[in-house]
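# Remarks on the overall topology
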Amino acid sequence: MTASDVPVLADGTPYKEYVLAFSWAVYLWATYLNYRQHVALRNPYIPPSMSKVIDQKESDKARAYGLDKSRFSFFTDAFEQLQNTAFIHWDILPLFWNWAGQVIIRAGYGLEYEITQSIVFVALMSISGMIFNLPFSIYRTFVIEQRHGFNKTTPKLFVMDMIKETTLSAVIGIPLIAAFLKIIDWAGQDFYFYVWVFMLVVQLVMILIFPTLIQPLFNTFTPLPEGSLRDKINALATRINFPLKKLFVIDGSKRSAHSNAYFYGFFGNKRIVLYDTLLEQSTEDEVCGVLAHELGHWQYNHVLHSLVIVQLHLFSLFYLFSVFVNHVPLYRSFGFMTQPPLIGFTLFQYVILPVETIIQFLMNMVSRRNEFQADAFAKGLGYAALLKSALIKLHVENKGTLNPDKWYSAWHYSHPPLVERLEAIGKTE
Ligand SMILES: [Zn+2]
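Parameters and conventions
- Residues numbered from 1 in each chain as written.
- Predicted model: local features only at pLDDT ≥ 70, side-chain atom pairs only at ≥ 80, totals over all residues.
- Heavy atoms only, no water.
- UniProt positions renumbered as here; feature names shortened; annotations may be inferred.
- Helix = DSSP H or I, 4+ residues; strand = E, 2+ residues; numbered from the N terminus.
- Rg over C-alpha atoms; globule rule 2.2 N^0.38 Å.
- Buried < 20%, exposed > 50% of the residue type's maximum accessible area, 1.4 Å probe, protein only.
- Contact = heavy atoms within 4.5 Å.
- Areas by Shrake-Rupley, 256 points an atom, 1.4 Å probe, with all protein chains shown as cover.
- Lys, Arg positive; Asp, Glu negative; His and termini not counted.
- Charge placed at Lys NZ, Arg CZ, Asp CG, Glu CD.
- Expected span 1.5 Å × (residues − 1).
- Arc of directions from axis to C-beta.
- Donors = N, O, S within 2.8 Å, 3.2 Å for Na, K, Ca; no water.
- Polar contact = N/O pair within 3.5 Å; in protein donor to acceptor, adjacent residues only side chain to side chain.
- Salt bridge = Lys/Arg side-chain N within 4 Å of Asp/Glu carboxyl O.
- pLDDT = per-residue confidence, 0-100.
- Phe/Tyr/Trp six-rings, centres within 6.5 Å; stacked < 30°, edge-to-face > 60°.
- Lys NZ or Arg CZ within 6 Å of the ring centre and 35° of its normal.

In the annotation of an unreviewed UniProt entry, the entry for the chain reads CAAX prenyl protease, and the organism field reads Powellomyces hirtus. UniProt, in the comment section headed Function (unreviewed entry), describes the chain in these words: "Proteolytically removes the C-terminal three residues of farnesylated proteins." Reading the Catalytic activity (unreviewed entry) entry of the UniProt record for the chain gives the comment "Hydrolyzes the peptide bond -P2-(S-farnesyl or geranylgeranyl)C-P1'-P2'-P3'-COOH where P1' and P2' are amino acids with aliphatic side chains and P3' is any C-terminal residue."

Listed below in structure tokens is the structure:
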């Protein structure tokens, strides 16, 4: 099937106007939700069920943090939207593409080296994106997070992180883009299947090497020392047949005071990672309560489920892209005189934005359902009270929003609001 066979892709479609209209619709919707959340954050009300566990002072501190983040996102969202609009409206993408062409010509390559030009294009786009984002990133880390007592990142660590991240994305990204474009070139119209298989393999490899090769570049993992906490966690794992092989503490406090815990690993080779900040903020039994929740995700196969959903999503995405890739009017509409597949993929992502926004919302819904399930699992193991007190502590320590707006949380939250979680745990079957 070629693009010209597809009736929906009419030649005269004003893609650029559609894309601009959609992106403004998505932006206005997000801003409206942000506004609703802002109003909710201004309200000092503490729900009766929470008044015993959180006092007004703690609640006000959390609201101040939420309001700061909310104000900042009004600003960053607006900036991003204007920048995006300018890029599309004034055909900046073709300028970058031509710039990449000049770079490779100066390096002695002709324009027939389209994959090389594509890689240079991505590099130029990424570098300019990084420069634009840098002030925001600095402000977020050294002003907002700092002001609310979370930031532990030093300027030196910030710069080192940036250098490492950039090097890493080049080392991984360049071969990835090259392979992606080679497959499209080699496989012809059915490339979507091969690209999908390739991306699946890449993801599995990344899942395998991320914790062992990549994360240690940024953090130190120390085995949890022998002692009562270790014994308790081992007992919990044995009780539910969780194949726990290693137990680490990560130095999350190096960058931030936010806390967390997670597990990873294939099949019979699981590792649990606890943030040093979590250990600092909770009692041993509360840590077990948090882990009982995490193990609920394992028991219900949530990781595998999300992996399958992501694969279905990617497959449909690549399939739809294969319908668009040779559709010349799409390229013309955005000011391109040629049809490089990488540009096609970029433009396709613009076109598909409204659908992606809704998919993200649905994924958040699934994720919240999974969180309730994992909570129920911990409760079934007898950790209801400990999980509740741990969730409250973590919520206070992380300055979470106590009273989020209903629409905002339904749209953006991957975890249910604290009040709803506590209510669900508290319910007797
Ligand atoms: Zn969870």
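What follows covers the overall build of the chain. Counting its secondary structure elements, the chain contains 16 helices and four strands. Relative to the globule expectation of 22 Å for 429 residues, the C-alpha radius of gyration of the chain, 24 Å, shows essentially globular dimensions. Seen through its C-alpha atoms, the chain measures out along the principal axes to roughly 65 × 50 × 45 Å. A buried classification covers 44% of the 429 residues belonging to the chain. Once local pairs closer than 6 in sequence are excluded, the contacts in the chain between residues at least 24 apart make up 75%. A total accessible area of about 22600 Å² is found for the chain, and carbon and sulfur atoms account for 66% of it. Charge centroids of the chain, computed over 35 positive and 34 negative side chains, lie 6 Å from each other.

To continue, consider helix α3 (residues 92-106). With 15 residues, α3 extends 21 Å from end C-alpha to end C-alpha; this agrees with the ideal 21 Å at 1.5 Å per step. Within the span of α3, buried status applies to L93, P94, F96, W97, A100, G101 and I104. In a view along the axis of α3, the buried residues occupy a sector of 160 degrees, so they form one face of it. Away from its buried face, by an angle of more than 90 degrees, α3 presents the exposed residues L95 and R106. Those residues of α3 hidden inside the fold are in contact with α2 (56-89), α4 (114-147) and α12 (341-351). Phi for G108, located one or two positions after α3, is positive at around 95 degrees.

With that settled, the discussion passes to the UniProt feature "domain: CAAX prenyl protease 1 N-terminal" (unreviewed entry) in the chain. Annotation from UniProt places "domain: CAAX prenyl protease 1 N-terminal" (unreviewed entry) at residues 37-220. Helix makes up 79% of residues 37-220 and strand 0%. Its end C-alpha atoms lie 36 Å apart.

Our focus in this paragraph is the coordination of the zinc ion. Bound to the zinc ion on the protein side are H293 (NE2), H297 (NE2), E371 (OE) and E371 (OE), at distances that span 2.0 to 2.8 Å. Here the donor residues of the zinc ion share one chain and are spaced in sequence as H-x3-H-x73-E. Pair noted here: H297 is in helix α9 (residues 284-299) and E371 is in helix α13 (residues 353-380), with a separation of 74 residues, a long-range link. Across this residue pair, the class does not change: H297 and E371 are buried.

As for its position among the elements, Q281 is in helix α8 (residues 276-281). A distance of 3.3 Å separates the side chain of Q281 from the backbone oxygen of A257, its partner in a polar contact.

Listed under "active site" (unreviewed entry) in the UniProt record, and renumbered for this structure, are E294 and D375. Taken along the chain, the residues just named run across 82 residues; in space they keep tight, none of their C-alpha pairs more than 8.6 Å apart. Here E294 lies in helix α9. In this structure E294 touches A261, Y262 and F263, once residues within four positions along its chain are discounted. Inspection of the secondary structure puts D375 in helix α13. Beyond its immediate stretch of four places on either side in the chain, D375 contacts H293, L387, R421 and I425.

Within this structure, the stated rule accounts for ten salt bridges. The closest approach of N and O atoms between R147 and D68, which form a salt bridge, is 2.5 Å. Here R147, found in helix α4, pairs with D68, found in helix α2; they are 79 residues apart in sequence, far enough to count as distant. Classification of D68 by relative accessible area gives buried; the value is 11%. By sharing partners, the salt bridges in this structure join D68, R71 and R147 into a single network.

A few words on the confidence of the model for the chain. When pLDDT is averaged along the chain, the result is 91; 97% of the residues meet or exceed 70. Throughout residues 1-7 the model reports pLDDT below 50, and contacts reaching past four residues in sequence, or to other chains, amount to nine contacts. This prediction of the complex comes with two scores: 0.87 for pTM and 0.99 for ipTM.

Turning to helix α14 (residues 384-397), a few remarks are in order. Note that an α-helix has 3.6 residues per turn; residues three or four places apart therefore point the same way. Between its first and last C-alpha, α14 extends 20 Å over 14 residues, near the 20 Å set by a 1.5 Å rise per residue. Along α14, the residues classified as buried are L387, A390, L391, I392, L394 and H395. Elements that come into contact with the buried residues of α14 comprise α8, α9, α13 and α16 (418-426). Positive backbone phi, approximately 55 degrees, marks K399, located one or two places after α14.

Let us now look at the packing of aromatic side chains. As enumerated under the stated definition, the model contains 39 aromatic pairs in all. Between F193 and Y194 the ring centres are 5.5 Å apart and the planes differ by 80 degrees, which places this aromatic pair in the edge-to-face class. A relative accessible area of 39% places F193 in the partly exposed class. Among the aromatic residues, those joined into a cluster by ring pairs are Y15, F180, F191, F318, F321, F324, F345 and F348. Against the face of W407 rests R36, its NZ or CZ located 4.1 Å from the ring centre.

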